[in-house]
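Close look at the chain arrangement
This is what each chain is made of:
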Amino acid sequence: MSLKAPVRMANIDEDFYSRQLYVLGHEAMRRMGTASVLICGIRGLGVEIAKNVILSGVKSVTVQDEGVTQWTDLSSQFFLNESNIGQNRAQASLQQLSALNPHVQLFAHTEPLDQDLLVQFQVVVLTDSSLDDQKRFGDFCHSKGIQFIVADTKGLCGQLFCDFGEAFEVLDQDGEAPESALIQKVSQGNPGVVVCSGDQRHGFQDGSRVIFSEVQGMTELNSLGPVEIKERGSYSFSIGDTSTFSKYERGGIVTEVKQPCTIQFKALSKTLALDPELLVTNDFGKIDRHKTLHLAFQALHQFVKNQKRLPRPQSQADADIILDTVKDLNNEGKLERLDEAAVKQFSFTAQGELAPVNAFIGGLAAQEVIKACSRKFTPLKQWFYFDSLECLPAEDLHVEDSLFALNGTRYDGQIAVFGSDFQEKLGRQKYFLVGAGAIGCELLKNFALIGLGAGEEGHVTVTDMDYIERSNLNRQFLFRSHDIRKPKSEVAAKAVKAMNPQMNITAHQNRLASESEQVYDYHFFTGLDGAAAALDNVEARAYLDSRCVEHKKPMLEGGTLGSKGHTLVVVPHLTESYGPAKSSSKKEFPLCTLKNFPHRIEHTLQWARDQFEGLFKHTPENVMMYLRDKNFINQTLGRGDVEALQIFSEVWGSLMDLSSGGNRPRNWEDCVRWARLKWETLFNNDIRQLLHCFPSDELTSHGLPFWSGTKRCPHPLTFDPSNVTHMDYIVAAANLYGQTYGFSGSTDRAMIRGLLDGVLVPEFTPQQNLKIPATDEEMEESEGEADKEKLEELTQELSSPSLKASIAKMWPVDFEKDDDSNFHMDYITAASNLRAENYDIPAVDRHESKRIAGRIIPAIATTTAAVSGLMCLELYKLVQGHQSITPYRTAYVNLAVMYFVMSRPSRARPFTVAGEEFTLWDDFLVEGRRRGGQEMTLEELIQFVKEQNNLEVCCLFHGTSRIYNGEEDRLKLSVSELIKKVTKTDIPPHKKMLELFPSFTEDEDCELVPRIQYLLL
């Protein structure tokens, strides 16, 4: 059964696939758009794989399943509900799977698998299958060149297998951008040594192949094909014999050339014996577990074949049978460290269906499908095993079989692993989820399936201030096109409530920050069992972390960057916290580089973004402040003469019309004229002025060429209305400028070219005495110099009431990268590429410009699913109440190359005060109101700390304010009165816990001290 007519991906829907395109690229996406995929078995794991593959954008997906929906399916199959019990799983899931992506054709197949079906597909995925079927169909696919994947989960364990044939070509092994570097010098020798400019490491490795361009002097390098290098250090490498080449003069770029590789796979039937080369390690806390699981899964297949059923939960007899089979298999494999306890736990839980395990293995399996279809990234070779058996209770307690009985509930698949008592405990949890984007949607799905907060006492609160955009739909799978412009949190909450009607969930649209503390106050946090961060910025994560530490609540944290992902669990009194926000992770480029000496496309894009903000946002904002704020002039003068002169010049120019020497347009024609003159200034005149100050043959004080290394000698551009990029700039700039003044613009290029013919462009004459700083240091030295006479003149003119009357309003433009009709990215792409042409920097297209200038984080559904699964496995451990750090895991994964590091989190680091050891989780809790509600004085607080902890407070801080440093007149004030007096601000009524940082007489020089948590209840 098909639900859609075939759709060919001739043109990629860049809005829909926006963030994924930055992971895969257009060519890989086009290859995927021709692939047909068969996914066999549509229980929890199968639907997870199908969801991710459909979102990725293959040509078609067929889901095959002969079985009917059972209660255990509802533990992890999120597109089935109670009304589907007894219905075919594939048919019942098809409608919702189809709604995920309008570009993918969907089929359901309810008949048994056969070879006639398999040959219709490029990729075949088996889930929930027997070993006999895996071998039989695996051999057939291997012989026919069909990429073959097996994925399976049993309780807390999972496996993944790939066979992509005898010779599978990978076009791009890691998906990373090719490395490139600027050349400082090249020696004549055998081998020749290339030294790169010292502003960044070259990033090449031994064996990398590179090409050269723009080398002057030793021009022979420019015509060489890809040449293999040998690394000599972070800034140099050697190549072949350059002894007969011309002498190197200056310039040049060296660029990595990605090399394809061919990988040979064995059929599944040939890989069942233990072969460490074909087993991928992933958890350094249990280094050989995957080898035991390789045998355990085979033993389980043998058990099912003989007994016609899975082993019963907690059945010792069944576990003994499986363990005996594993031992028999190991007689051939000779595994030295057979983990018998793991085999028994595997048997005890094999009947389980767990959403988090399916999310993780399903994410990995779908990524392998993408690799098979796109030939991008390195496939799994060939077996991957995973377990999270540490989610089970810490002690091996005797449990009653009745606790694991399956009673026809949606949680049967989970009860089979953990028992009914644990299920009730999950239902009582109260959790706070911050973020309902990609990871947030996946977490909410998992929360609904496992029943988190779905009991009478439980609850989940989710907050997200964002609204749904079309670019979200490719990875935030709870949203559909009819949800665009609706609040993310509300739509997500409604969607998971439909998945599990028992969910108790409340959606907020609040930004988690100090301004929302009256909502997320002391009572809110003390009522929680934990929090989860599904955020896209460090500052918000750090803020949530600080609140969790303050109230001693655990926190789950995860993030993704393309195919890379990480997870972190913060456990009170055990682990380190996420920590305070570091300095901005955004790359900061030297101002001098941006202003005069760019050498990378990132520099020209940042320059273009700065131009956009200055011309169309900051200047109109300053004009509006000038018109509305009578103190604007004095406040601006207080920012320093240089900054004041710049702001006043921009404001004056915006208010005065063109005939008076200003830039205020009277009509659309004036906007076009302004854009043409701005083009001339930026891409011709400014470059000519720079070359006047630093001619192309300029030498430094050391006699070396000035224009060398990272300083690329520019050349001015001549405007050409037939040049597309030149006109792109004019159209975008004129329309944006018109928007700031309220004029309607036009995209009629013929009309605009006609207007350009009438624009008189003044002849440019370089300023003879102008000094252009060559370094940031020189720029800082020159910042103190301002034309005071000009500043005074502008100050007087702007003080005139008549000038304010010249204009009523301007409209600042806020940058929005995802609206293709607003001219924002048109302007930035054109401006950046024109400046790149000035400096002979290779241009980039609009798509790549959008990623860099918009600071877009590449994202793909597979990584998101995998990360959310790992986070929820840590959630199981928190709910179990594990008091040891041993079971917990932090994880770093890179699905592009199947690289995994799972290890124990770091312990909270201790510090010492007066000989006593503390960690960040330790504080002094003080109830500020006692004796009938009267608040204690500062003197009483100091005495209380002395009596309880034998430490003498000599100094006390609240935030950045020092509220006590031995002043006796403050001792009789209540703590809240003292804070109000010193900070001159009232304590908000919702603020029930005040954080105080003391210094102690016994150890005044201690950098870290326990906080005083002062309660006002």
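Quick note: structure is the one above.
All of the points below concern the structure found in this document. (Residues numbered from 1 in each chain as written. Predicted model: local features only at pLDDT ≥ 70, side-chain atom pairs only at ≥ 80, totals over all residues. Heavy atoms only, no water.)

Let us now look at the state of the cysteines. This structure, assessed with the given rule, holds zero disulfides. Looking at Cys-141, it has no disulfide partner, and the nearest cysteine sulfur is the one in Cys-40, 8.7 Å off. In this model Cys-872 remains outside any disulfide bridge; the closest cysteine sulfur is found in Cys-391, 10 Å from its own. When its relative accessible area of 0% is taken as the criterion, Cys-872 is described as buried. (Disulfide = S-S within 2.5 Å. Buried < 20%, exposed > 50% of the residue type's maximum accessible area, 1.4 Å probe, protein only.)

Scanning the entire structure with this criterion turns up 59 salt bridges. Of the charged contacts, one joins Asp-152 and Lys-154 as a salt bridge, the two residues approaching to 2.9 Å between their closest N and O atoms. With respect to class, Asp-152 is no different from Lys-154; both count as buried. Glu-621 serves as the salt-bridge partner of Lys-617, at 2.9 Å between the closest nitrogen and oxygen. Of this pair, Lys-617 and Glu-621 both sit in helix α18 (residues 601-628), four residues apart, which is roughly one turn of the helix. By relative accessible area, Glu-621 is classed as partly exposed at 27%. (Salt bridge = Lys/Arg side-chain N within 4 Å of Asp/Glu carboxyl O. Helix = DSSP H or I, 4+ residues; strand = E, 2+ residues; numbered from the N terminus.)

In this section: the environment of Ser-75. Counting through the fold element by element, Ser-75 comes out in the loop between β2 (60-64) and α4 (89-98). At 3.0 Å, the side chain of Ser-75 forms a polar contact with the backbone oxygen of Arg-410. A polar side-chain atom of Ser-75 sits 2.9 Å from the main-chain amide nitrogen of Gly-413. (Polar contact = N/O pair within 3.5 Å; in protein donor to acceptor, adjacent residues only side chain to side chain.)

Turning to unusual backbone geometry, a few remarks are in order. In this structure, the amide linkage connecting Asn-190 to the following residue, Pro-191, adopts the cis form with an omega of 5 degrees. On the secondary structure map, Pro-191 appears in the loop between β8 (180-186) and β9 (193-196). For the bond from Lys-381 to Gln-382, the omega torsion is -15 degrees, close enough to zero to count as cis. Relative to the assigned elements, Gln-382 resides in the loop between α10 (355-374) and β17 (383-387). Positioned with a positive phi, Gln-314 is a non-glycine residue whose angle comes to about 65 degrees. Looking at the secondary structure, you find Gln-314 in the loop between α7 (289-307) and α8 (316-333).

Next up on the list: the packing of aromatic side chains. Per the stated rule, a full pass over the model turns up 46 aromatic pairs. Note that Lys-711 overlies the ring of Phe-597, its terminal NZ or CZ placed 5.0 Å from the centroid. (Phe/Tyr/Trp six-rings, centres within 6.5 Å; stacked < 30°, edge-to-face > 60°. Lys NZ or Arg CZ within 6 Å of the ring centre and 35° of its normal.)

This part covers the packing of α10 against helix α29 (residues 861-880). The interhelical angle for the contact between α10 and α29, taken along N-to-C directions, is 160 degrees, at an axis separation of 7 Å. When the axis of α10 is compared with that of α29, the two are roughly antiparallel. α29 is crossed by α10, and the crossing has left-handed handedness. Together, Pro-356, Val-357, Ala-359, Phe-360, Gly-363, Leu-364, Ala-366, Gln-367 and Ile-370 of α10 and Thr-862, Ala-865, Ala-866, Ser-868, Gly-869, Leu-870, Cys-872, Leu-873 and Tyr-876 of α29 make up the contact between the two elements. Within the contact of α10 with α29, the residues separate by chemical class into 13 nonpolar, five polar and no charged. (Axes fitted to C-alpha atoms, helices over the stretch in contact; angles between N-to-C directions. Parallel < 35°, antiparallel > 145°, perpendicular 65-115°, else oblique. Left-handed = near helix turned anticlockwise from the far one by under 90°. Contact = heavy atoms within 4.5 Å. Nonpolar A, V, L, I, M, F, W, Y, C, P; charged D, E, K, R; others polar.)

The eight strands are arranged β3-β2-β1-β4-β5-β6-β17-β16 in an open sheet whose pairing can be described as mixed. Only two strands of the sheet have a single neighbouring strand rather than two, namely β3 (105-109) and β16 (279-280). With two bridges connecting them, β16 and β17 associate as parallel partners. Each bridged residue has a counterpart across the sheet, and for Leu-279 the counterpart in β17 is Trp-383. Docked against the sheet, helix α6 (residues 131-144) engages β4 (123-127), β5 (147-154) and β6 (157-163), running at close to 160 degrees with respect to β5. Seen against the sheet, α7 touches β5, β6, β16 and β17 and runs at an angle of roughly 95 degrees to β17. (Pairing = 2+ DSSP bridges.)

On to helix α31 (residues 975-983). What α31 keeps buried is the set Val-975, Ser-976, Leu-978, Ile-979 and Thr-983. Buried residues of α31 fall within an arc of 160 degrees about the axis and therefore sit on the same side. On its buried side, α31 packs onto β30 (934-935), α30 (938-949), β31 (953-958), β32 (961-964), β33 (993-1000) and β34 (1011-1015). After α31 finishes, the residue Lys-984 shows a positive phi value of roughly 60 degrees. (Arc of directions from axis to C-beta.)

Our focus in this paragraph is the nonpolar core. The biggest cluster of nonpolar side chains holds 159 residues, and the ones touching the most others in it are Phe-384 and Phe-447. The next biggest cluster of nonpolar side chains, apart from the first, holds 75 residues, and it includes Ile-633, Ala-732, Tyr-737 and Leu-756. (Core = buried A, V, L, I, M, F, W, Y, C linked by side-chain atoms within 4.5 Å.)

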